[in-house]
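Now for the letters of each chain:
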Amino acid sequence: MNKEDIAIDVSDIVMTYRLYQEKVDSIKEYFVRMLKQKLQYKEYEALKHISFQVKKSEILGVIGLNGAGKSTLLKIVAGILKPTSGQVTVHGSMAPLIELGAGFDEQLTGRENIYLNGSLLGHSNKYMKEREESIIRFAELNEFIDVPVKNYSSGMKARLGFSIATCVNPDVLIVDEVLSVGDFKFQQKCQERMQELLNGGTTVLFVSHSLGEVEKLCTRTVWLEKGEVKMIGNTSDVLEKFRN
Amino acid sequence: MRSYIQNFLKYRHFLKELVKKDFKFKYRRSRLGVLWSLLNPLLMITVLSIVFSTLFNRHIPNYILYLLTGKLMFDFFSESTSAAMRSINGNAALIRKIYVPRYLFPISKVFLSLINLLFALIIMLAIMLFSNSEWSWSILLFPLPILYLFIFAVGVGLILSAYAVYFKDLNHLYGVMITAWMYLTPIIYPIDIIPDKFRLIIDCNPMYYYVSLFRSIVLDGTMGSWGTHFLCIGISLLTMIVGLLVFRKKQNNFILYL
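Quick caveat: nothing in here was measured; it's all calculated off a predicted structure.

A. Molecular detail of the overall build of chain B. Looking only at helices and strands, chain B has twelve helices and zero strands in total. Taken against the 2.2 N^0.38 rule, which gives 18 Å for 258 residues, the C-alpha radius of gyration of chain B at 19 Å falls within 12% of a compact globule. Considered along the principal axes of its C-alpha atoms, chain B spans approximately 60 × 45 × 35 Å. The proportion of buried residues among the 258 residues of chain B is 51%. Counting contacts in chain B only where the partners sit at least 6 residues apart, residues at least 24 apart contribute 77% of the total. Of the roughly 13,000 Å² of accessible surface on chain B, a fraction of 69% belongs to carbon and sulfur atoms. Of note, chain B has its 25 positive side-chain charges centred 17 Å away from the centre of its 10 negative side-chain charges.

B. Broad picture of the overall build of chain A. Tallying secondary structure elements over chain A gives eight helices and nine strands in all. The C-alpha extent of chain A, read off along each of the three principal axes, is 60 × 50 × 35 Å. A total of 244 residues make up chain A; the buried ones form 49% of that total. Taking the intrachain contacts of chain A between residues at least 6 apart in sequence as the baseline, contacts between residues at least 24 apart amount to 72%. For chain A, the computed accessible surface area is about 12,200 Å², with 46% contributed by carbon and sulfur atoms. Across chain A, the mean location of the 31 positive side-chain charges is 5 Å away from that of the 32 negative side-chain charges.

C. Focus on the side chain of A:Ser163. If you trace the backbone, A:Ser163 turns up in helix H5 (residues 154-167). Apart from the residues lying within four places of it in its own chain, the contact partners of A:Ser163 are A:Ser134, A:Ile135, A:Phe138, A:Ala139 and A:Arg193.

D. Region of interest: a nonpolar patch on the surface. There is a patch of nonpolar side chains on the surface, built from B:Met1, B:Tyr4, B:Ile5, B:Phe8 and B:Leu9 and spanning about 530 Å² of accessible area. Tracing the sequence through the fold places B:Met1 in the segment before helix H1 (2-10).

E. Layout of the pairing of strand S6 (residues 172-176) of chain A. All names here are of chain A. Burial of S6 is extensive: five of the five residues sit out of reach of the surface. With burial as the criterion, each face of S6 is covered, one bearing Val172, Ile174 and Asp176 and the other bearing Leu173 and Val175. Both strand S5 (residues 94-97) and S6 contribute to a ladder of four bridges, which runs parallel. Its bridge partner lying in S6, Met94 is registered against Val172. Relative to strand S7 (residues 203-207), S6 runs parallel, the two being bridged by five bridges. Residue pairing for S7: Asp176 is matched across the bridge by Val207.

F. The arrangement of the sheet that holds S5(A) in detail. Residues and elements named next belong to chain A. Pairing is mixed across the open sheet formed by six strands, whose spatial order is S5-S6-S7-S3-S8-S9. The strands lining the two open edges of the sheet, one partner per strand, are S5 and strand S9 (228-234). The sheet shows a mean angle of 15 degrees between the axes of neighbouring strands, taken without regard to direction. Strand contacts of H5: S5 and S6, with the helix running at about 160 degrees to S5, the strand carrying the most contacts. Relative to the sheet, helix H6 (residues 184-199) contacts strand S3 (59-63), S6 and S7, its axis offset from that of S6 by approximately 150 degrees.

G. Looking closely at the nonpolar core. Counting residues in each nonpolar core, the largest one holds 84 residues, and the members touching the most others are B:Phe14, B:Phe77 and B:Met124. Not counting the four nearest positions on each side in its chain, B:Phe77 is found in contact with B:Leu149, B:Phe152, B:Ala153, B:Val156, B:Tyr174, B:Ile178, B:Trp181 and B:Met207. Listed in part, the 44 residues of the second largest apolar core include A:Ile63, A:Ile114, A:Ala139 and A:Ala165.

H. Just the pattern of salt bridges, in detail. All names here are of chain A. Under the criterion given, the structure shown has 15 salt bridges over all chains. Glu196 is the salt-bridge partner of Arg193, the closest N and O atoms lying 3.9 Å from each other. With Arg193 and Glu196 both in helix H6 and three residues apart, this pair spans about one turn of that helix. Residue Arg193 is classed as buried on the basis of its relative accessible area of 13%. Overlapping salt bridges bring together Arg111, Glu132 and Asp146 as one network.

Rules and cut-offs
Residues numbered from 1 in each chain as written. Chains lettered and ligands numbered in written order. Predicted model: local features only at pLDDT ≥ 70, side-chain atom pairs only at ≥ 80, totals over all residues. Heavy atoms only, no water. Helix = DSSP H or I, 4+ residues; strand = E, 2+ residues; numbered from the N terminus. Rg over C-alpha atoms; globule rule 2.2 N^0.38 Å. Buried < 20%, exposed > 50% of the residue type's maximum accessible area, 1.4 Å probe, protein only. Contact = heavy atoms within 4.5 Å. Areas by Shrake-Rupley, 256 points an atom, 1.4 Å probe, with all protein chains shown as cover. Lys, Arg positive; Asp, Glu negative; His and termini not counted. Charge placed at Lys NZ, Arg CZ, Asp CG, Glu CD. Patch = residues over 30% accessible without salt bridge, like charges linked within 9 Å, V, L, I, M, F, W, Y side chains within 5 Å. Salt bridge = Lys/Arg side-chain N within 4 Å of Asp/Glu carboxyl O. Pairing = 2+ DSSP bridges. Axes fitted to C-alpha atoms, helices over the stretch in contact; angles between N-to-C directions. Core = buried A, V, L, I, M, F, W, Y, C linked by side-chain atoms within 4.5 Å.

Structure below.
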């Protein structure tokens, strides 16, 4: 694979969690335990030497049972978690759609949140100003945009979150189970928007339990099992094995 | 190093939004709004000078300004570091879900306090105008001690916020510490009432140097000695570097504790 064609390069990721027997969170307790040599913990390897690459403008699906390490992997790619060892390189700007509306401040209005969220993705006020109108239109929030987000329904929040993340034309989009928000009309709109982004060359890392969606959207798929890559390849081949 | 700077530049808009947001919330739904930023130092100084002026008026000429200069500097420090300490815990929801350089949270609190300080400086200037104090060109240097203290506060804020994630007790402990620290700094009393045997405590107190540098520029109309300037710069840079290193080391595990 040519180096310039790679959008996400995951190389040899290991993630080890320490499971403390009891959580120590006061200074007194910490010292008492240090003196007694009782800072014991068990180690749990959530990811064991994961490596794969995502090509530019490819949609890579990630599937696996609960506890396979999908969420941990996404958090590492998104930069929220730092892996115990190994490295992830993302080329270009990245917008995470891990939890829609995660970056919202409930006290602020929808409009103010557009700017706050934009700045979280590294965009200036001027840049967001140009896109404000299309974001509001896509989210269908016209008369509610100046209402504090705490008064929004969960569907409204999700719509605004999706709208912001996809209106700013990211190079890489990380999607975790979010296309199932809102009514079927909005879901359809989301899928159209995803398709638009793909045609525009956006790379997507797509995590889902819905095999139907993975089949529809993804060209290649990774199958994780107990923190290891069980299989990687064409979506149809992987899904066939996975179903059995 | 270059990637750190690039990353900071990318997220500078977020820093601005954070400060803006906090400033807006502070006065939301209060009748007088931003006016409180002016009223607060004015009322505070009125109360304090009524209480203490009979005690110290004979020792210090222009006691009100002496008190105000010290109080403004120390309040900036205590307010910014206390808020910075709580900033990581306070933004836990965001940190758990989205990547953003975490050091921005404590730093944004120091900026917020800086804005308050600037409002309070307006009050200080007004009092200087009315009290016929002497003016000299050196007063234009007043941003320097504020800048030094700003850097110092960023360093202390980074250290506190990183440890407060692991040890929640720090929140309670620091409140007591900062009160003690205030009384160990010559803010309401003149420095010469300290007996020689306790002088060492004052000499080891970094806040003493920032406050006295600010006073020599604003009150005495001097530039402050080169020695004090270098000492302040040294303490500030050292503290900030230590703060950044501690924070960088600690931040990887934040998410497991938030």
